[in-house]
Amino acid sequence: GLLWVDFASEPEDSCLPILQGFGFHPLAIDDALQETHVPKLDDWGNYLYIVLNYMVVSENGEYWETEVDELDIFLGENYIVTHHDLPVPAIDETWEACDRDPRNIQDGADHLLYKITDNLVADYMPVVEKIDAGIDELEDQIFDRPSPRTLEKLFALKRVLLAMRRILLPQREVLNKLARDDYHVIDPKDRVFFRDIYDHLVRLHDLNESLRDLVSGALDSYL
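So, a few notes on the structure that sits alongside this text. Keep in mind it's a predicted model, so treat the numbers as computed, not measured. (Residues numbered from 1 in each chain as written. Predicted model: local features only at pLDDT ≥ 70, side-chain atom pairs only at ≥ 80, totals over all residues. Heavy atoms only, no water.)

Section: the packing of aromatic side chains
At step 1: Inspection of the entire model under this criterion finds 11 aromatic pairs.
At step 2: Ring plane angle 10° and centroid distance 4.0 Å describe the contact between F24 and F74, whose orientation is recorded as stacked. Of this pair, F24 sits in the loop between α1 (12-21) and α2 (26-34) while F74 sits in strand β4 (residues 64-75); the two residues are 50 residues apart in sequence, bridging distant segments of the chain.
At step 3: By relative accessible area, F24 is classed as buried at 4%.
At step 4: The exposure class assigned to F74 is buried, which follows from its relative accessible area of 1%.
At step 5: Note on Y47 and F74: the rings are 6.3 Å apart at their centroids and 50° apart in plane angle, and the pair reads as tilted. Separated by 27 residues along the polypeptide, Y47 in the loop between β2 (40-43) and β3 (48-59) and F74 in strand β4 bring together distant segments of the chain.
At step 6: Here the aromatic residues F22, F24, W44, Y47, Y49, F74 and Y79 are joined through ring pairs into a cluster of three or more. (Phe/Tyr/Trp six-rings, centres within 6.5 Å; stacked < 30°, edge-to-face > 60°. Helix = DSSP H or I, 4+ residues; strand = E, 2+ residues; numbered from the N terminus. Buried < 20%, exposed > 50% of the residue type's maximum accessible area, 1.4 Å probe, protein only.)

Quick look at the nonpolar core
At step 1: If you look at the biggest cluster of nonpolar residues, it comprises 56 residues, and the most contacted ones within it are L48, I50, I131 and L178.
At step 2: For this core, the secondary structure elements donating two or more residues are β3, β4, α3 (89-100), α4 (109-122), α5 (124-144), α6 (148-180) and α7 (191-222).
At step 3: Per-element accounting of this core gives the leading share, 13 residues, to α6.
At step 4: Ranked by size, the runner-up nonpolar core spans 15 residues in total, among them L19, I29, Y47 and Y49. (Core = buried A, V, L, I, M, F, W, Y, C linked by side-chain atoms within 4.5 Å.)

Brief notes about unusual backbone geometry
At step 1: One non-glycine residue with positive phi stands out, namely S9, at about 55°.
At step 2: On the secondary structure map, S9 appears in the loop between β1 (3-8) and α1.

Notes on the pairing of strand β5 (residues 79-84)
At step 1: The buried fraction of β5 is high, at six of six residues.
At step 2: Burial along β5 is two-sided: Y79, V81 and H83 and I80, T82 and H84, pointing in opposite directions, are all buried.
At step 3: Where β1 and β5 come together, six bridges link them in parallel fashion. Residue pairing in the sheet places D6 in a bridge with T82 of β5.
At step 4: With four bridges joining them, β4 and β5 adopt antiparallel strand pairing. Among the inter-strand pairings, F74 is bridged to a residue of β5, identified as V81.
At step 5: If you look at the hairpin formed by β4 and β5, you'll find three residues sitting between the two strands. (Pairing = 2+ DSSP bridges.)

With respect to the side chain of H84
At step 1: Within the fold, H84 resides in strand β5.
At step 2: Only 2.7 Å separates the side chain of H84 from the backbone oxygen of L86, close enough to count as a polar contact.
At step 3: Ignoring anything within four residues of it in the chain, the contact list for H84 reads D6, F7, A8, S9, E70, L71 and I91. (Polar contact = N/O pair within 3.5 Å; in protein donor to acceptor, adjacent residues only side chain to side chain. Contact = heavy atoms within 4.5 Å.)

Details of a negative patch on the surface
At step 1: Where like charges cluster on the molecular surface, the negative patch consists of E59, E129, D132, D136, E137, D140 and D144.
At step 2: When residues in the negative patch are grouped by element, the largest group, six residues, is from α5.
At step 3: Considering the arrangement of structural elements, one finds E59 in strand β3.
At step 4: By relative accessible area, E59 is classed as partly exposed at 34%. (Patch = residues over 30% accessible without salt bridge, like charges linked within 9 Å, V, L, I, M, F, W, Y side chains within 5 Å. Areas by Shrake-Rupley, 256 points an atom, 1.4 Å probe, with all protein chains shown as cover. Salt bridge = Lys/Arg side-chain N within 4 Å of Asp/Glu carboxyl O. Lys, Arg positive; Asp, Glu negative; His and termini not counted. Charge placed at Lys NZ, Arg CZ, Asp CG, Glu CD.)

Below is the structure:
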């Protein structure tokens, strides 16, 4: 069978005994409960400990807000344990897909990890599109009615793109390892799926660089 345990906004006291029951190393458990890490991958032999980040960007017309949170994943041969403090749309989407169609869980825990990661990375595209539209709007403002508020928004966008870049680079390395390295809990034939996500992250990084160039160009025009 395949077991998926998901801790969503659970207090440490209720997570700790269950994580210890799986036999995870105390250092890996501490890492999962601390919530302070950039994306990384640790190989503990019969399981992997993976940290992924996701970001939520909101814009209410006045200012941009960025929230970055952490998704901790333990992957074993026939189980996956996920831990996160805030709701993660990618987890909910995957959970619902498994509920709807049991075929989503027939290919093992490593394929379930692929589904979760794929949904997590796909959620970046709406953010990129939102930022792109925001830059277009600011470029119009610069030529029509520039104001100090326009400058504030440009710097806010610059900060959002920098925060995204800080996530994308290490996350890309994690996916590169999953796609190329030999891990006991990942079927070699499933590596091609992680390679696909790696390619998406490379494209996202390129888009991020292009958007940063656009913001710099808009800043020069404003000045």
